[in-house]
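Listed here are the chains, written in short residue letters.
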Amino acid sequence: MKAIEKETWDILIQAGSQKGFSADDIIQYQGTAANSLYLVVSGRVNLRWMPKSKKAKSAKVVCAFDAPCFVSVEALMPSPMWPTTIFTISAASHVQLFEIERSHIARLVDHYAKHMVGVLKACSFVVVKMFTSLENRDFPEESAGKDEILEEVPIRKAMCATKAMAGTRSVNGALYVTSSHVFFRYSLLGVQRTHSFPLVQISSVAVEDNHFTMNVPKRKTYICTSHKVAADIAKTVLSLQDMAPEQAAPISNGDALSKAIMSDRDLEDILVGSQSRNHDKGEVIIGLEKPTSNLFQVCQGSCNVVRNGEVLKTLQPGDIFGEISFLLDCPTTAQVVASSDVVLYEIPRKFLDNVCAVHPALCSRLYQHFISQNLTRLHNVKLALANEDRAVL
């Protein structure tokens, strides 16, 4: 908590209400509404995986934090992204804390962005520590949510890239043509995006070399693919335009987008400082316990996260890695190995530090994004262990 300045401390205390707890008291049960962030000012708190049938003393401690610290960091996420807490919070000693309600947190982030950067960074540390305490467990594959765009049957699908969605950087994704829309789906910094273009709003299409161009209101969108595919897509769009309804209903951009903390512009502002790197299949991109403080995003190809010879997770285009070392300023906790020829975007820490100094509000959203990503990973690990009925925590 060295990053928390006195002025920030005073703002948090004024926004919260003071409470006291004795040793072994339950501060908050897991699975209850994450309506408040707790600033612990004295004592020690335990985070426990505690089924309701167990008592606090018999539940295994996942991790512990000494004051000053933050807990119940799920409350930092926009509702209803994280409506409930993942672990039970109990007092390991006499504890004094300030409870800051979710409604006050939103106001603080909006009006005191510069001060809240340190708070969000400290909360990011809490989430990463919770996650790394389970680092010897298996990483479950993240389950895919319902695909909103498949509610309309795709007539044509093609893998492609575009520059119009992410400023000067190209992004890989999938292009879908349906009876009423053209969709482009891609990921940036682990956030899935879907853009929809009603056929009735596309004023013209063109094919030049391997580029398929659509003119839509207030923008021109370039889709890069092979010449044959580009021509086929253009022909399909033109043929469907005559049959498309005059008024096309707006299409939801998907659950991930509606809950996303960072906007497209935020992602573009961060990726503009990235550097492109190429790696061959089998090449070690990041070694185990090697110092690194940069962030990485997969652009093309795939990578495996490996520990002790076991593949923990496969990273696909749009996924990020290196955030734990970035947040904790510590050596890497696993290897990242190219499972195919791969192109990466490397985002230097120095660039991110400069961005955060100039745009503290953007920095706050970036740390909220990291918290969200690691809460998701932590939640998935917990679910996997619960499903296996392994009472190890």
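All residue numbers refer to positions counted from 1 along the written sequence of the respective chain. Since the coordinates come from a predicted model, pLDDT governs what is reported: local features require at least 70, and pairs of side-chain atoms require 80 or more to be given and counted, while whole-chain, interface and lining totals use all residues. The basis for the side-chain values is all heavy atoms of the structure; hydrogens and waters are excluded.

Engineer: Even after reading the chapter, I still don't get the overall build of the chain, so can you show me in this structure?
Structural biologist: Strands are runs of DSSP state E lasting at least two residues, helices are runs of H or I lasting at least four, and both sets are numbered from the N terminus onward. When you go through the chain residue by residue, the secondary structure sums to nine helices and 23 strands. Taking all 393 residues of the chain together, 50% fall into the buried category. Any two residues having at least one pair of non-hydrogen atoms within 4.5 Å are treated as being in contact. The long-range share in the chain, meaning contacts at least 24 apart out of those at least 6 apart in sequence, stands at 73%. Where accessible areas are quoted, they stem from the Shrake-Rupley method and a 1.4 Å probe; at the residue level, only the protein chains shown are allowed to cover. Summing over all exposed atoms, the chain offers an accessible surface of approximately 18400 Å²; the carbon and sulfur share of this is 49%. When accessible area is computed with a 1.4 Å probe and restricted to protein chains, residues below 20% of their type maximum are described as buried, those above 50% as exposed, and intermediate ones as partly exposed.

Engineer: Looking at this model, I keep getting lost on the environment of Gln201. Mind explaining?
Structural biologist: Structurally, the position occupied by Gln201 is in the loop between strand S12 (191-198) and strand S13 (204-208). Residues Gln201 and Met214, spaced 13 residues apart in sequence, show a C-alpha to C-alpha distance of 9.9 Å. In this structure Gln201 touches Asn215, Val216 and Pro217, once residues within four positions along its chain are discounted.

Engineer: When you look at the sheet that holds strand S7 (residues 88-91) in this model, what are you seeing that I'm missing?
Structural biologist: Within a sheet, each strand pairs with its neighbour through backbone hydrogen bonds, oriented either parallel or antiparallel. Across the sheet, which stays open at both edges, the four strands sit in the order S2-S7-S4-S5 with antiparallel pairing between neighbours. Unpaired on one side and paired on the other, strand S2 (26-28) and strand S5 (61-66) mark the two borders of the sheet. Geometrically, the sheet is characterised by an average inter-axis angle of 30° between neighbouring strands, direction not taken into account. Pairing analysis gives two bridges linking S2 to S7, with the strands arranged antiparallel. Residue pairing across strands places Gln28 opposite Ile89, the latter belonging to S7. Structural elements are reduced to axes, namely lines fitted to C-alpha atoms, with helices fitted over the stretch in contact, and the angle between N-to-C directions of any two is expressed from 0 to 180 degrees. Its contacts with the sheet place helix H3 (residues 113-132) against strand S4 (44-48) and S5, and it is angled at close to 150° to S5. Pairing between two strands is assigned when DSSP locates at least 2 bridges connecting them.

Engineer: Sorry, what's going on with the sheet that holds strand S18 (residues 295-300) here?
Structural biologist: An order of S16-S23-S18-S21 is seen for the four strands of this open sheet, with the pairing classed as antiparallel. Each edge of the open sheet carries a strand with a single partner, namely strand S16 (275-279) and strand S21 (320-321).

Function-wise, these values are silent; they only describe arrangement.
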